[in-house]
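Architecture at a glance
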Amino acid sequence: MTKSSLLLMSSLCVLPAACGGDDGTLVVTIYGEEFVEEGISADEMDDGWAVSFDSFVVTVDRVEIAGMTISGVDPVDISTPTNGSGQQLSQQDVAAGEYTDTSYTISRVEVAGKATKDGVEKTFAWDLAAPTRYLNCETTTVVEASAPGTFQITVHADHLFYDSIVAEEPQLFFQAFADADSDADGSITWEELSAQGIGAYDPGNADIDNLADWVIALSQTLGHVDGEGHCDVEGQV
Amino acid sequence: MMSRIALAGASLFWLGCGVASEAPKVDLEVVVDDVGVAAFETNLGYRVELSGARVAVADLVFTVAGEVHTIALWQRASDILVPTAHAHPGHSQGGEVTGELPGGFVIDWANEGDRSLGTGTLIAGSYTAANFVLSSGTEELGVMPQDPLYGHTALIEGTAIKGQDTVNFTVVIDSPEGRELIGVPFEAEITASSTGTIGFRLEALDPIELDSLFADIDFVALDDDLDGNVVIETDVAAVEDAYNEIRRKLQTHDHFRFVYTE
């Protein structure tokens, strides 16, 4: 279990559903699904590239749930296989009940990996330091005295390869990143991304004109809860 | 399709002291506003005149501000009227939908000024923005298969003049199916006694940033056969960058506006 510190546990019970009952256990986890742990296959991508991650380090902070705030969580490499369970960030005793109104921050994502297609390999190692607050998350975490409740921060790594920030059903492409390797040394650097326009990608109303800013923007869409649950998003917190 | 707003008759509008009354709503005509397609000059010195500016759009909705105290009041009424879209990452500019004009339209901003699009229904309030869907030309919308707009989102035609050079251009834009354009400016105080019209404007030249739909487009350079005609469309390598630039601009809220006139 990674180190965590409980900075604040409210003495007030803020959710009526959690009041007056027995104590239970609340577990907070983070999971990158198969896309992070096993990679994104060429079949999953829309341009035939296959992507895998050597590391996918996520820094989580200010997890707010059950009237408490969990901060100081160590960065976690979620590329480590977990057989679907994800990795534990915190475990706390809380009053049994149903908890909503959850939120958390992803303050940094550091990804390293490679993409392959037709015998060509491109590597990447990008530091995506774009603090993003995920709040009003669509989930209810149930903690019972007899059974622990789990709040899972789910990271959707495929979003990094979306071709649109606003489409309901974006496609997954790597080709633009591969093309950004201007010195053709097989490594796609941050400087090369910064020098490459976004081509046919759709940034909606955002003022984005290079691939570095593009992938930063996409990194702010990674966070979900309990699988497919959405949250509202506030960038640059 | 039955209008969601039509359900408003059964809704309640909550006043500050807890007294409930019926939510005030008004019907306002929505018309094509052609002010924004007058001739303009691009950053590369081309004077552009549009002879056609056809865009397929659908399902106009109008939104009130996202301030917490305002939403708290409005949400009680508007949640009953129109489901609030959940803010998926990236969809954070939507506001709260409290007005609408459903349906599909093909609008030619260069030739259809003052055309009525229909009657929108809005709950009285302080409006800040509007959203709509960029669709495509279909027979259902009166676009026949031989029409160059058929199956496409926008067809923009005109002339770009710079010095002694004149280029006739045609731009054909394809947006993804269901591509919603969010956060179009719509600053209006709508009250129960409002009787004006809402103008739907395409602004070829963004009046705020003075950035045009054709910024950075060098029409002469694109005319590689020097015949004075350029077609900018998808999947043509020679015009790919220009196509992407224009499509990106057309798909932002910078080049559309709704204007209320009492």
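Residues numbered from 1 in each chain as written. Chains lettered and ligands numbered in written order. Predicted model: local features only at pLDDT ≥ 70, side-chain atom pairs only at ≥ 80, totals over all residues.

Digging into the overall build of chain A
- Helix and strand content of chain A: four helices and 15 strands.
- Relative to its length of 237 residues, chain A is compact, with a C-alpha radius of gyration of 19 Å against a globular reference of 18 Å.
- For chain A, buried positions account for 41% of its 237 residues. (Helix = DSSP H or I, 4+ residues; strand = E, 2+ residues; numbered from the N terminus. Rg over C-alpha atoms; globule rule 2.2 N^0.38 Å. Buried ≥ 20, exposed ≤ 12 C-beta atoms within 10 Å, placed from the backbone.)

A look at the overall build of chain B
- Across its full length, chain B carries three helices and 14 strands.
- Residues counted as buried form 44% of the 262 residues belonging to chain B.
- Considering only residue pairs separated by 6 or more positions, chain B has 77% of its internal contacts joining residues 24 or more positions apart. (Contact = placed C-beta atoms within 7 Å.)

Quick look at the confidence of the model for chain A
- Confidence in the prediction of chain A, expressed as mean pLDDT, is 91, and 90% of residues score 70 or more.
- Residue range residues 1-20 of chain A is modelled with pLDDT below 50. Its contacts to residues more than four positions away, or to other chains, number 39 contacts. (pLDDT = per-residue confidence, 0-100.)

Quick look at the pairing of strand β4 (residues 68-71) of chain A
Residue and element names in this part refer to chain A.
- Bridging between strand β3 (residues 50-65) and β4 involves three bridges; their strand directions are antiparallel. Paired with I65 across the bridge in β4 is M68.
- Hairpin connection between β3 and β4: a loop of two residues separates the two successive antiparallel strands, and A66 in this loop has a positive phi of roughly 55°. (Pairing = 2+ DSSP bridges.)

Focus on unusual backbone geometry
- One non-glycine residue, E33(A), lies in positive phi territory at about 60°.
- Relative to the elements of secondary structure, E33(A) occurs in helix α1 (residues 33-37).
- Looking at E33(A), the number of C-beta atoms within 10 Å reads 18, which means it is partly exposed.
- The residue L226(B) is not glycine, and still its phi comes out positive at about 55°.
- Position of L226(B) among the secondary structure elements: in the loop between α2 (219-222) and β13 (229-232).
- Assessed through the 9 C-beta atoms surrounding it within 10 Å, L226(B) is described here as exposed.

Some details on helix α4 (residues 211-219) of chain A
All names here are of chain A.
- Of all the nine residues making up α4, seven are buried; the element is thus mostly covered by neighbouring parts of the structure.
- Where α4 is concerned, the buried positions are L211, A212, W214, V215, A217, L218 and S219.
- Those residues of α4 that are buried lie in contact with β8 (103-117), β9 (120-128), α2 (175-179) and α3 (190-194).

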